[in-house]
Amino acid sequence: MDDEPLVLEGLRRSVHAEFVADLAGGPEEGLLKLRKDGPYPVVVSDMRMPGMDGAQFLAMVRTISPDSIRVMLTGQSDIETAVRAVNEGQIFRFLTKPVTRKTLLATLRDCVAQYHAARLEKNQLKITIEALEQLDLGTLTALARAIDAKSAWTAGHSERVTNLALKMGHAMGLPATSLGIIHRGGLLHDIGKIGTPPGVLDKPGRLDPEEMQIMRDHVKIGVRILEPIPCFREALPMVARHHEWFDGSGYPAAGENISLHARILAVADCYDAMVSDRPYRKGLPKRQALELLIQRSGTQFDPMVIEVFRRLTAADPFA
Ligand SMILES: [Fe+2]
C-alpha cells in the first residue's frame, strides 16, 4: 500500500512475474481490502500516508489478519520510524526506498515462506492439541468403564449420563468450555465408587444407615482422587455435588450455589439410575421416570434444567 500511484504501479510491475499484487492507495482502502478479500500472505505498507501512518496501519493489519506477514517500505530511513514500526506492527522486514527489484522479490519470497511455515506450525499445533484432547477423553472414557465395571448394575452408567448431560448442555446453548467440563465431570462423577465395598454397591436390599453413609462417601472419595489433577479443577464441583438437591438438602449438603454443571448432571444421573435395573428393584419405564423428575422440580432438581430435559425428551423421546 502506498499513497503515490506511480510508486504503487512500479511495485506491481517489479513483482508481477512471481506474485499477484493487490494495490491500495491509502490505509482505509487497504484495511477494507484486507477485511473483504484477505487474508493476504504478505502486506507491504508505505510509512508516511495521510490519516494513519504505516506503523499504525500495520498494527491494525496485525489485529485483523494476524497471519499476514508485514513489511514496511519507506523513504524515511531513520531508526525511530523503524523501531516504532517494529514495535507497533511487529513487522517482518523493513525496506528503504528506493528498493531494487531484486531486494523486493527476495523479501517477498522470504515473507511467503515465513507465512507458510507459520501456518504449517499453527496447523500442526492444532492437530496435536486435538489429538491430546481425544486421547484425554479416550482415557477418561476407559476410566469411566473401569468404574462402572465394578458392579454389573452400573454397566455403561457414566457414559449414558455424560451423553444425556451433554445433550442438555447443547440444548441450553452452553459454550464449548462448559461442554468440555460436563464431558469430563460426567465421565468420572462416580469415580469415588472405586472405594465403595461391593457388598454395599451390590446389596440386594435397602441399605442400613451405616451402609448408606458408606455409599454417600463416594462423593468425598471422588473429590480426593481427582483433586491433584489441575485440568479437573473445574469439573470437581460436579463430582462433589451431583447428589445435592436444588432446595439445599441431599448430600453432602454443602450449601447454596450448586454449579449449573452439577445441576445438569444431577438430573441426568437420577434419570439413568431410575430407568436402570438395580439389585433391589426393576428399572422404571422412561415415561414414569420423567414424570417423577418433573414432580421433583424445584425440590430435588433445578426447574430450568428439568424444563430443558422435558423439552429434549418431547422432541426426541428417549433416544
Ligand atoms: Fe453418584
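Use the structure listed above.
Parameters and conventions
- Residues numbered from 1 in each chain as written.
- Predicted model: local features only at pLDDT ≥ 70, side-chain atom pairs only at ≥ 80, totals over all residues.
- Heavy atoms only, no water.
- Helix = DSSP H or I, 4+ residues; strand = E, 2+ residues; numbered from the N terminus.
- Buried < 20%, exposed > 50% of the residue type's maximum accessible area, 1.4 Å probe, protein only.
- Contact = heavy atoms within 4.5 Å.
- Areas by Shrake-Rupley, 256 points an atom, 1.4 Å probe, with all protein chains shown as cover.
- Lys, Arg positive; Asp, Glu negative; His and termini not counted.
- Charge placed at Lys NZ, Arg CZ, Asp CG, Glu CD.
- Core = buried A, V, L, I, M, F, W, Y, C linked by side-chain atoms within 4.5 Å.
- Axes fitted to C-alpha atoms, helices over the stretch in contact; angles between N-to-C directions.
- Parallel < 35°, antiparallel > 145°, perpendicular 65-115°, else oblique.
- Nonpolar A, V, L, I, M, F, W, Y, C, P; charged D, E, K, R; others polar.
- Donors = N, O, S within 2.8 Å, 3.2 Å for Na, K, Ca; no water.
- Tetrahedral: all angles 85-135°; square planar, octahedral: opposite > 155°, others 65-115°.
- Pairing = 2+ DSSP bridges.
- Right-handed = clockwise from strand over helix to strand, strands pointing away.

Undergrad: It is not clear to me how the overall build of the protein chain should be interpreted in this structure. Could you clarify?
TA: Helix and strand content of the protein chain: 13 helices and three strands. Counting all 319 residues of the protein chain, 41% fall into the buried class. Pairs at least 24 residues apart make up 60% of the contacts formed inside the protein chain by residues separated by at least 6 positions. Just so you have it, the protein chain exposes about 17,400 Å², and 58% of that area is on carbon and sulfur atoms. With 39 positive and 40 negative side-chain charges, the protein chain shows a separation of 4 Å between the mean positions of the two kinds.

Undergrad: Looking at this structure, how should I read the nonpolar core?
TA: As a rule of thumb, nonpolar side chains are buried together in soluble globular proteins. Core analysis: the biggest nonpolar cluster contains 39 residues, and M168, L188, V267, L293 and F309 have the highest contact counts within it. Broken down by secondary-structure element, the contributors of at least two residues to this core are α5 (101–148), α6 (157–171), α7 (176–188), α9 (209–226), α10 (236–241), α11 (260–275), α12 (286–295) and α13 (303–315). For this core, the element with the most residues is α11, which contributes eight residues. Excluding residues that lie within four positions of it along the chain, M168 makes contacts with I264, V267, A268, V305, V308, F309 and L312.

Undergrad: Sorry if this is basic, but what is going on with the packing of α6 against α13 here?
TA: Relative orientation and spacing of two packed helices are given, respectively, by the angle between their axes and the distance between those axes. Two elements in contact, α6 and α13, have axes whose closest approach is 10 Å; the angle formed by their N-to-C orientations is 100°. For the element pair α6 / α13, the angle class is roughly perpendicular. Note on element contacts: α13 touches α6 through V305, V308, F309 and L312, opposite L164, K167, M168 and A171. Split into classes, the residues belonging to the contact of α6 with α13 amount to seven nonpolar, no polar and one charged.

Undergrad: Any chance you could explain the coordination of the iron ion here in plain terms?
TA: Working reference: metal with six octahedral donors, ideal angles 90 or 180 degrees; metal with four tetrahedral donors, ideal angle 109.5 degrees. Within the protein, the atoms that donate to the iron ion are D190 (OD), H218 (NE2), H242 (NE2) and H243 (NE2), at distances of 2.1 to 2.4 Å. Coordination at the iron ion is irregular: its four donor atoms span angles of 83 to 173° at the metal. Mapping the donors of the iron ion onto the primary sequence yields the spacing D-x27-H-x23-H-H. One end of the pair, H218, is in helix α9; the other, H242, is in the loop between α10 and α11, with 24 residues separating them in the sequence.

Undergrad: Quick question: what am I supposed to make of the pairing of strand β1 (residues 42–46) here?
TA: Every regular strand shows the same layout, with side chains that alternate between the two sheet faces. Burial runs high along β1: five of the five residues are buried. Every second residue of β1 is oriented toward a common face, with V42, V44 and D46 on one face and V43 and S45 on the other, all of them buried. When β1 meets strand β2 (residues 69–74), the two strands line up parallel, connected through five bridges. When the sheet's bridge partners are listed, V42 is paired in β2 with I69. With respect to chirality, the unit in which β1 leads through helix α3 (residues 54–64) into the neighbouring parallel β2 is right-handed.

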